[in-house]
Amino acid sequence: MRRFVLALPDGEAVAISCGRGGDSTSGKQSVSSFGQALAEIDPHEYEWVSDPWVVRWKGPSNAFGIVARSTNERGADARTPEAILEAFGAFLEYAQAQDIRAVHVTLLGAGEMHVFAPWVSLVQMARAYGDWSRKDQTVEKTVAAYVYLVDRQVLALMQGGFLDITQALHGGEFGINVDTYDAGGLCVRHHELIRGDDCIGSLMDLRTQAQRAQVHVLPNPRRDARPVSCAQVQHLTFRNFGVVPGSTLVIDFRDIATCEPRAASGT
């Protein structure tokens with residue numbers, strides 16, 4: 001990989017996924033031993049070029065690290081789909097400003113300790129590229145991004161036609177699955193087209209018992225994600241709740257069945 005980095009023509013760069021350590025907002029980048037070997041960089045010799053998302057290693061001038069971790073959490077909790085969206089978007093902005101024409105990138109936030117399925121990372125990177133390309137139409141966007149996939153699950157989904165990232169690239173509405181479990185455990189699935197900035201409450205009639213149903217997202221957007229009542233999250237946007245193109249939103253009435261008052265029997 002070092003030879004590949006050095007052999008890149010002017011105007012091209014390599015970026016690998018990084019973690020975040022330390023106690024400050026930015027903290028310090030942390031790269032796996034695999035990442036270090038991949039680019040043959042000294043992990044201690046770097047500078048922030050787009051704080052708090054992108055670092056550049058000293059040595060090869062075209063080797064970067066993308067810190068796809070939220071800034072208000074630490075450890076596994078810092079791995080969120082939104083952090084990938086923001087971090088990759090920031091890297092593209094920096095690359096454009098530096099006249100970098102092509103970037104060769106590993107899948108972000110999809111290492112051995114990943115919290116959510118690796119395909120979510122690819123979808124979020126596609127969303128970031130689409131959002132960036134549509135931002136400020138007065139500026140010509142000249143950065144091409146090549147994402148290198150080695151995860152067998154993602155490759156199988158792509159090759160089998162089960163994962164389509166065009167919705168994420170184009171923006172606007174995207175498709176999700178909605179699984180609704182009734183009190184007896186019967187599940188009915190339907191499909192919805194939503195926008196990331198719509199509220200979760202827009203999917204259900206909140207005048208009914210739906211407010212007391214439990215709701216969660218699959219795959220989990222965070223390691224500590226737990227089902228919560230619809231009433232608690234009805235005001236949140238799908239994006240803030242961790243819903244991405246292809247997600248399944250689960251609405252579960254099973255936990256509230258025993259809470260329903262029973263009609264008194266008369267004689």
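Right, let's walk through the structure included here.

Reading guide: rules and limits
Residues numbered from 1 in each chain as written. Predicted model: local features only at pLDDT ≥ 70, side-chain atom pairs only at ≥ 80, totals over all residues. Heavy atoms only, no water. Helix = DSSP H or I, 4+ residues; strand = E, 2+ residues; numbered from the N terminus. Contact = heavy atoms within 4.5 Å. Areas by Shrake-Rupley, 256 points an atom, 1.4 Å probe, with all protein chains shown as cover. Core = buried A, V, L, I, M, F, W, Y, C linked by side-chain atoms within 4.5 Å. Buried < 20%, exposed > 50% of the residue type's maximum accessible area, 1.4 Å probe, protein only. Pairing = 2+ DSSP bridges. Expected span 1.5 Å × (residues − 1). Salt bridge = Lys/Arg side-chain N within 4 Å of Asp/Glu carboxyl O. Phe/Tyr/Trp six-rings, centres within 6.5 Å; stacked < 30°, edge-to-face > 60°. Lys NZ or Arg CZ within 6 Å of the ring centre and 35° of its normal.

## Regarding the overall build of the chain
Phase 1: For the chain, the count of helices and strands is 8 helices and 12 strands.
Phase 2: For the chain, long-range pairs separated by at least 24 residues make up 64% of all intrachain contacts whose partners lie at least 6 apart in sequence.
Phase 3: For the chain, the exposed surface amounts to about 14000 Å²; the carbon and sulfur share of it is 50%.

## Some points on the nonpolar core
Phase 1: Residues Phe64, Ile66, Phe88, Phe91, Val105, Leu108 and Trp119 are the most contacted members of the largest nonpolar core, which totals 38 residues.
Phase 2: Elements with a minimum of two residues in this core: strand E1 (12-21), strand E5 (63-67), helix H3 (81-97), strand E6 (102-106) and helix H4 (118-134).
Phase 3: For phenylalanine 88, the contacting residues outside a window of four places in its chain are Ile66, Val105, Leu108, Met125, Ala128 and Ala145.

## Here we look at the pairing of strand E10 (residues 214-218)
Phase 1: Most of E10 is tucked away, with 4 of its 5 residues classed as buried.
Phase 2: The pairing of E10 with strand E11 (residues 228-229) spans 2 bridges and is classified as antiparallel. What sits directly across from glutamine 214, in E11, is serine 229.
Phase 3: By the bridge criterion, 5 bridges tie E10 to strand E12 (residues 248-252) in an arrangement that is antiparallel.

## A short note on the pairing of E1
Walk down a regular strand and you will see the side chains alternate between the two sheet faces.
Phase 1: Across the 10 residues of E1, 8 count as buried, placing the element largely inside the fold.
Phase 2: The pairing of E1 with E6 spans 4 bridges and is classified as parallel. Counted as the bridge partner of alanine 13 is valine 103 from E6.
Phase 3: Sheet topology note: the E1/E5 ladder contains 5 bridges and is parallel. Residue pairing across strands places serine 17 opposite isoleucine 66, the latter belonging to E5.

## A closer look at the sheet that holds E11
The strands making up a sheet associate through backbone hydrogen bonding, with each pair oriented either parallel or antiparallel.
Phase 1: On the basis of which strands lie adjacent, the open sheet formed by 5 strands has the order E9-E8-E12-E10-E11 and mixed pairing. Two strands close off the open sheet at either side, each with one partner strand: strand E9 (187-194) and E11.

## A short note on H3
Phase 1: If you check H3, its first and last C-alpha atoms are 25 Å apart, about what 17 residues at 1.5 Å a residue would give, namely 24 Å.
Phase 2: Of all 17 residues that make up H3, 14 are buried, and the element is covered over most of its length.
Phase 3: Downstream of H3 by one or two residues, aspartate 99 has phi in the positive range, about 60 degrees.

## Concerning the pattern of salt bridges
Phase 1: Scanning the model with the defined rule gives 6 salt bridges in all.
Phase 2: For aspartate 179, the salt bridge identified is with arginine 189, shortest N-O distance 2.7 Å. Highlighted residues: aspartate 179 in strand E8 (residues 174-181) and arginine 189 in strand E9, separated in sequence by 10 residues.
Phase 3: The exposure class assigned to aspartate 179 is buried, which follows from its relative accessible area of 8%.
Phase 4: For arginine 189, a relative accessible area of 46% gives the class partly exposed.

## A few points about the packing of aromatic side chains
Phase 1: All told, the structure shown has 5 aromatic pairs when counted by the stated rule.
Phase 2: Connected via pairs of aromatic rings, a cluster forms that spans Phe64, Phe88, Phe91 and Tyr94.
Phase 3: Over the ring of tryptophan 132 we find lysine 141; its NZ or CZ atom is 5.2 Å from the centre of that ring.
Phase 4: Arginine 254 extends its terminal NZ or CZ atom over the ring of tyrosine 181, reaching a point 4.1 Å from the ring centre.

## Notes on unusual backbone geometry
Phase 1: Cis peptide bonds are those with omega within 30 degrees of zero, and the linkage from aspartate 51 to proline 52 qualifies with 5 degrees.
Phase 2: Position of proline 52 relative to the elements: it lies in the loop between strand E3 (46-50) and strand E4 (54-57).
Phase 3: Geometrically, the link from leucine 218 to proline 219 is a cis peptide bond, its omega value of -5 degrees lying close to zero.
Phase 4: Position of proline 219 among the secondary structure elements: in the loop between E10 and E11.

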